[in-house]
Amino acid sequence: MNTANFPWLTTIILLPIAASLLTPIIPDKDGKTIRWYALIVGLIDFALIVYAFYTQYDFNNPNLQLVESYPWVPQLDLNWSVGADGLSMPLIILTGFITTLATLAAWPVTLKPRLFYFLLLAMYGGQIAVFAVQDMLLFFLVWELELIPVYLLLAIWGGKKRQYAATKFILYTAGGSLFILVAALTMAFYGDNVTFDMRSLALKDYALNFQLLLYAGFLIAYAVKLPIIPLHTWLPDAHGEATAPVHMLLAGILLKMGGYALIRMNAGILPDAHAYFAPVLVILGVVNIIYAALTSFAQRNLKRKIAYSSISHMGFVVIGFASFTDLGLSGAVLQMVSHGLIGASLFFLVGATYDRTHTLMLDEMGGVGKRMQKIFAMFTTCSMASLALPGMSGFVAELMIFVGFATSDAYSPTFKVIVVFLMAVGVILTPIYLLSMLREIFYGQENEELVSHQALIDAEPREVFIIACLLVPIIGIGFYPKLLTQMYDSTTVQLTARLRDSVPTLAQQKQETAQVSLNAPAISD
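Residues numbered from 1 in each chain as written. Predicted model: local features only at pLDDT ≥ 70, side-chain atom pairs only at ≥ 80, totals over all residues. Heavy atoms only, no water.

Colleague: Just to check I follow, could you spell out the overall build of the protein chain for this structure?
Modeller: When helices and strands are tallied, the protein chain shows 21 helices and 2 strands. In terms of overall size, the protein chain behaves like a compact globule, its C-alpha atoms giving a radius of gyration of 23 Å where 525 residues would be expected to give roughly 24 Å. Each of the three principal axes of the protein chain carries a C-alpha extent, and together these read 80 × 55 × 50 Å. Each of the 525 residues in the protein chain was classed as buried or not, and the buried ones make up 60%. Partitioning the intrachain contacts of the protein chain with sequence separation of at least 6 by distance along the chain shows that 81% fall at a separation of at least 24. Just so you have it, the protein chain exposes about 20600 Å², and 66% of that area is on carbon and sulfur atoms. Measuring between centres, the 29 positive side-chain charges of the protein chain sit 9 Å from its 33 negative side-chain charges. (Helix = DSSP H or I, 4+ residues; strand = E, 2+ residues; numbered from the N terminus. Rg over C-alpha atoms; globule rule 2.2 N^0.38 Å. Buried < 20%, exposed > 50% of the residue type's maximum accessible area, 1.4 Å probe, protein only. Contact = heavy atoms within 4.5 Å. Areas by Shrake-Rupley, 256 points an atom, 1.4 Å probe, with all protein chains shown as cover. Lys, Arg positive; Asp, Glu negative; His and termini not counted. Charge placed at Lys NZ, Arg CZ, Asp CG, Glu CD.)

Colleague: Explanation requested: the layout of surface pockets in the structure shown.
Modeller: By rolling a water-sized probe across the atoms, one finds the places where empty space is left. Here the largest pocket defines a volume of roughly 980 Å³. Together, 40 residues line the largest pocket, and Ala-242, Thr-243, Lys-303, Tyr-354 and Asp-355 are the ones closest to its centre. For the lining of the largest pocket, the elements supplying multiple residues, two or more each, are helix H7 (162-188), helix H10 (234-241), helix H11 (244-269), helix H13 (302-321), helix H14 (326-357) and helix H19 (461-479). Considering every element that reaches the lining of the largest pocket, the biggest residue donor is H14, with 6 residues. When the residues that make up the lining of the largest pocket are grouped by side-chain class, the tally is 17 nonpolar, 10 polar and 13 charged. (1 Å grid on protein atoms, 1.4 Å probe; cavity = no way out; pocket = protein on both sides within 12 Å on 5 of 7 lines; lining within 4 Å. Points joined across faces, edges and corners; volume = space filled by probe spheres on them. Nonpolar A, V, L, I, M, F, W, Y, C, P; charged D, E, K, R; others polar.)

Colleague: When you look at the packing of H11 against helix H20 (residues 482-501) in this model, what are you seeing that I'm missing?
Modeller: Relative orientation and spacing of two packed helices are given, respectively, by the angle between their axes and the distance between those axes. It is at 10 Å that the axes of H11 and H20 come closest, and there the two elements cross at 40°. Classified by the interaxial angle, the pair formed by H11 and H20 is oblique. Between H11 and H20, the residues in contact are Ile-263, Ala-267, Gly-268 and Ile-269 and Leu-495, Arg-498 and Leu-499, respectively. The class makeup of the residues in the contact of H11 with H20 is 5 nonpolar, 1 polar and 1 charged. (Axes fitted to C-alpha atoms, helices over the stretch in contact; angles between N-to-C directions. Parallel < 35°, antiparallel > 145°, perpendicular 65-115°, else oblique.)

Colleague: When you look at unusual backbone geometry in this model, what are you seeing that I'm missing?
Modeller: Among all residues save glycine, negative phi is the norm, and among peptide bonds the norm is trans. Cis rather than trans, the peptide bond between Leu-226 and Pro-227 has omega equal to -10°. Mapped onto the elements of the fold, Pro-227 is located in the loop between helix H9 (208-225) and H10. The omega angle of the peptide bond from Ile-229 to Pro-230 is 15°, so this bond is cis rather than trans. Within the secondary structure layout, Pro-230 lies in the loop between H9 and H10. A positive phi angle, close to 65°, is found at Phe-324, a residue other than glycine. Classification of Phe-324 as buried rests on a relative accessible area of 4%. A positive phi angle, near 65°, is found at Ala-388, a position not held by glycine. Mapped onto the fold, Ala-388 is located in the loop between helix H15 (373-386) and helix H16 (393-406).

Colleague: Sorry, what's going on with empty space enclosed by the protein here?
Modeller: Scanning the entire structure with this criterion turns up 3 cavities of 30 Å³ or more. The biggest single contributor to the lining of the largest cavity is H14, with 4 residues. Taken together, the residues of the lining of the largest cavity sort by class into 2 nonpolar, 6 polar and 1 charged. Volume-wise, the second largest cavity comes out at about 40 Å³.

Colleague: Got a minute to help me understand the pattern of salt bridges in this structure?
Modeller: Pairing is possible between side chains that carry opposite charge, provided their charged atoms lie close to one another. Per the stated rule, a full pass over the model turns up 9 salt bridges. The partner of Arg-500 in a salt bridge is Asp-409, with the nearest N and O atoms 2.9 Å apart. Here the residue Arg-500 occupies a position in helix H20, and Asp-409 occupies one in the loop between H16 and helix H17 (413-442), the gap between them amounting to 91 residues. Sharing partners across several salt bridges, the network here consists of Lys-168, Asp-237 and Arg-304. (Salt bridge = Lys/Arg side-chain N within 4 Å of Asp/Glu carboxyl O.)

Colleague: What is the right way to read the packing of aromatic side chains from this model?
Modeller: To describe a pair of aromatic rings, one takes the distance between the centres and the angle between the planes. As enumerated under the stated definition, the model contains 28 aromatic pairs in all. Judged by centre distance (5.0 Å) and plane angle (85°), the rings of Trp-36 and Trp-107 are edge-to-face. Of this pair, Trp-36 sits in helix H2 (residues 32-56) while Trp-107 sits in the loop between helix H3 (89-105) and helix H4 (113-132), and the two are 71 residues apart along the sequence. Taken together, a centroid distance of 5.2 Å and an interplanar angle of 85° make the contact between Phe-131 and Tyr-260 edge-to-face. You can see Phe-131 sitting in helix H4 and its partner Tyr-260 sitting in helix H11, a full 129 residues away along the chain. Like Tyr-260, Phe-131 is buried. Among the aromatic residues, those joined into a ring-pair cluster are Phe-53, Tyr-54, Tyr-57 and Phe-59. Geometry around Trp-143 places Lys-225 over its ring, the cationic atom sitting 3.9 Å from the centre. Over the ring of Tyr-354 we find Lys-303; its NZ or CZ atom is 5.6 Å from the centre of that ring. (Phe/Tyr/Trp six-rings, centres within 6.5 Å; stacked < 30°, edge-to-face > 60°. Lys NZ or Arg CZ within 6 Å of the ring centre and 35° of its normal.)

Colleague: Can you help me understand a nonpolar patch on the surface in this one?
Modeller: On the surface, a nonpolar cluster with roughly 430 Å² of combined accessible area is contributed by Ile-475, Phe-479, Tyr-480 and Leu-483. Within the secondary structure, Leu-483 sits in helix H20. (Patch = residues over 30% accessible without salt bridge, like charges linked within 9 Å, V, L, I, M, F, W, Y side chains within 5 Å.)

Right under this line is the structure:
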């Protein structure tokens, strides 16, 4: 069989979705068979992703690869169109990796296990589809369908306020999605030809005012998912009520959908509007970093503290995205992957700690590190990664964004100095709230009431294995970032060049440099 012509992405998307449909008929009395079934399906799909990546993906090709297109509604040029490039391939791999580990993290689930693993597998295929589809209407459909499993996972298996958190999640995200639909239809019917193909839409000649309106609509939709303040309030509530595997999917994958869509749609299709919105994005990114860090510092609920930490870290993605430099955009993509790994590890450990202490309030904890030494060690290591300790992936990503923005020639020196200073303040606040969190949970005197009523057993092998799997890429990327950056460098360089051409001052500098090079006398030996 010629593997080059095999529909890799279609198979990777549809396999877990098709497998989820079989969960009602699999013989299972106590939920053990169904969880092994879900884990095996996840492993097979992740193996297909890795195989397709290593055999079919070319690092040096900045364009779409693994492209498949099948007619769906030919009259509207609506196709099942999928493909992967440097922006989507790392996130597809991340999705397979995190979802498979989340399936293993869901091992203790006993309430309605068939439905739980059905939703988990359906969500698996839906999230990969978001990163792979190349048709705007199809993108909207998979974006919406992916929300349903998240809503049910929150509403059925969440905490005491799960209905409130799930309803708030669906209202925010579905409301934001309406802007995607309106913008997609407007772009498709703009001009002489009707098309939903993203590459064709990027070639249309939109008027600047029209681009600005489209950009604003997309920005609202994706700012909810990223999330960007003030459209962020659903996230702390969702994380506050979610279970550990759902935490991993929310922090590891769901937030990255917003960042990916901003780069793919806003920058890739509407570069001229991006030149006008970029300073606003930088300011929003700074607000995310500072406000969320300060709010995290004030939280007494462990889940909400980590949730606001996630919002703060995603502010760096926004700034890197708006830097107009290769290094800044590369750092933004690296930060998305890095935070996906670190966020998933921290929230899994929060769930493991809650399972033992049955409390999320920091005031009720204290000194549990004496009895849970493995969890203490893993929690400390993952927290070090979150505060960007050198040798961890977070340090490399944030350093690239810092340097990328500081060296950008698209902004005035005064603006850059202010932004870099505020980013540095955010970096300083991060270790303060994370180290104080570790102190309150694990150090000091034991809470005698907690210890006397709870069996504070240490981490089991399954939990150690999950954290070890997450720490391997976190540390590996930290010491050798090229492991990841080589996947997307060619794509980000191409996109940055296009974005720079959309800024009048940068385009003029490029023309003047080219003119000087042409007029320079040849130097003879």
